[in-house]
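Observations on chain architecture
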Amino acid sequence: MDVLNKFKELNTFKIEEIQGYSPQIGQLVSMMEYARFTTLNEVQGLTVEQLDFLANEEGNSIGALLLHMAAVEFGFQVELFDKRKPNKQEIEEWGAAYQLDDLGRNQIKGNPLEFYIEKLKKVRNRTLEELKKRNDKWLYEEAIWDNNLSNNYFIWFHTFEDEINHRGQIRILNKMLPN
């Protein structure tokens with residue numbers, strides 16, 4: 001079921017275990033999916049022009065923020081699931097979205113909403129499949145994040161926490177869109 005429709009159809013908003021996942025991973029997935037639901041709800045119906053709108057010359061567009069969400073999740077997939085750093089091809093594909101700033105403003109534009117939604121879905125689908133292969137003990141395995149000792153649980157929490165932060169920016173940008 002599509003994440004945007006899942007919450008609408010079920011009319012249920014709960015953090016709970018999900019069949020096919022270990023208990024705590026299922027709860028984490030519940031949170032990640034709700035965060036995605038609210039993000040997709042916020043951008044529904046936006047045009048290319050609206051997705052490309054820049055409030056100022058140093059800001060990010062809604063489209064760039066959406067692609068950034070996918071890039072952050074993709075980066076953690078590579079580091080935590082594949083246990084490596086992104087390769088040259090992946091850096092070329094995702095670098096502008098991960099970095100944003102001038103690079104993102106110059107490269108991320110002209111795409112319809114479906115482009116961003118498809119990227120988000122493709123990345124999320126891999127995350128969900130990989131999380132099914134892991135158990136709750138894996139969540140507590142230590143990992144390095146931003147040169148700091150962390151664990152897989154925190155890193156995946158940060159993935160959707162980052163999305164929530166940027167969704168707030170998207171809400172502000174939506175209010176600033178020209179009529």
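To be clear, the structure that these remarks concern was listed above.
For clarity, every value in this text was computed on a predicted model and none was experimentally measured.

This part covers the side chain of Glu-163. Tracing the chain through its elements places Glu-163 in helix α9 (residues 152–176). You can call Glu-163 buried: its relative accessible area is 2%.

Let us now look at the packing of helix α4 (residues 62–81) against helix α5 (residues 88–99). Relative to each other, α4 and α5 sit at 130 degrees, their axes nearing to 8 Å. Of the possible angle classes, the one that applies to α4 and α5 is oblique. Like other packed secondary-structure pairs, α4 and α5 cross with a definite hand, here left-handed. Facing Leu-67, His-68, Ala-70, Ala-71, Val-72, Phe-74 and Val-78 of α4, the residues of α5 in contact are Glu-90, Trp-94, Ala-97 and Tyr-98.

Of note, the phi angle at Asp-101 is positive, near 50 degrees, even though the residue is not glycine. One can find Asp-101 in helix α6 (residues 101–107). Positioned with a positive phi, Asp-146 is a non-glycine residue whose angle comes to about 50 degrees. Tracing the backbone through its elements, the reader meets Asp-146 in the loop between β1 (142–145) and β2 (148–151). Judged by relative accessible area, which is 57%, Asp-146 ranks as exposed.

If you trace the backbone, His-166 turns up in helix α9. Under the relative-accessibility criterion, His-166 is labelled buried at 9%. Every residue in contact with His-166, bar those within four places of it in the chain, is listed here: Leu-65, His-68 and Met-69.

For the rest of this paragraph, the subject is the packing of aromatic side chains. This model, assessed by the stated rule, comprises ten aromatic pairs. Between Phe-76 and Trp-156, the ring centres sit 6.4 Å apart and the planes meet at 65 degrees, which makes this aromatic pair edge-to-face. Separated by 80 residues along the polypeptide, Phe-76 in helix α4 and Trp-156 in helix α9 bring together distant segments of the chain. Accessibility assignment for this pair places Phe-76 and Trp-156 in one class, buried. Ring centres of Phe-81 and Trp-156 lie 5.3 Å apart, and the angle between their planes is 15 degrees; this geometry places the pair in the stacked category. Placement of Phe-81 in helix α4 and of Trp-156 in helix α9 is noted, with a sequence separation of 75 residues between them.

With the rule as written, the count across this model stands at 16 salt bridges. The residue Lys-85 makes a salt bridge to Glu-79 at a minimum N-O spacing of 3.9 Å. Residue classification places Lys-85 among the exposed residues on the basis of a relative accessible area of 60%. Arg-84 is the partner of Glu-90 in a salt bridge, and the nearest nitrogen-oxygen pair spans 2.7 Å.

The rules we used
Residues numbered from 1 in each chain as written. Predicted model: local features only at pLDDT ≥ 70, side-chain atom pairs only at ≥ 80, totals over all residues. Heavy atoms only, no water. Helix = DSSP H or I, 4+ residues; strand = E, 2+ residues; numbered from the N terminus. Buried < 20%, exposed > 50% of the residue type's maximum accessible area, 1.4 Å probe, protein only. Axes fitted to C-alpha atoms, helices over the stretch in contact; angles between N-to-C directions. Parallel < 35°, antiparallel > 145°, perpendicular 65-115°, else oblique. Left-handed = near helix turned anticlockwise from the far one by under 90°. Contact = heavy atoms within 4.5 Å. Phe/Tyr/Trp six-rings, centres within 6.5 Å; stacked < 30°, edge-to-face > 60°. Salt bridge = Lys/Arg side-chain N within 4 Å of Asp/Glu carboxyl O.

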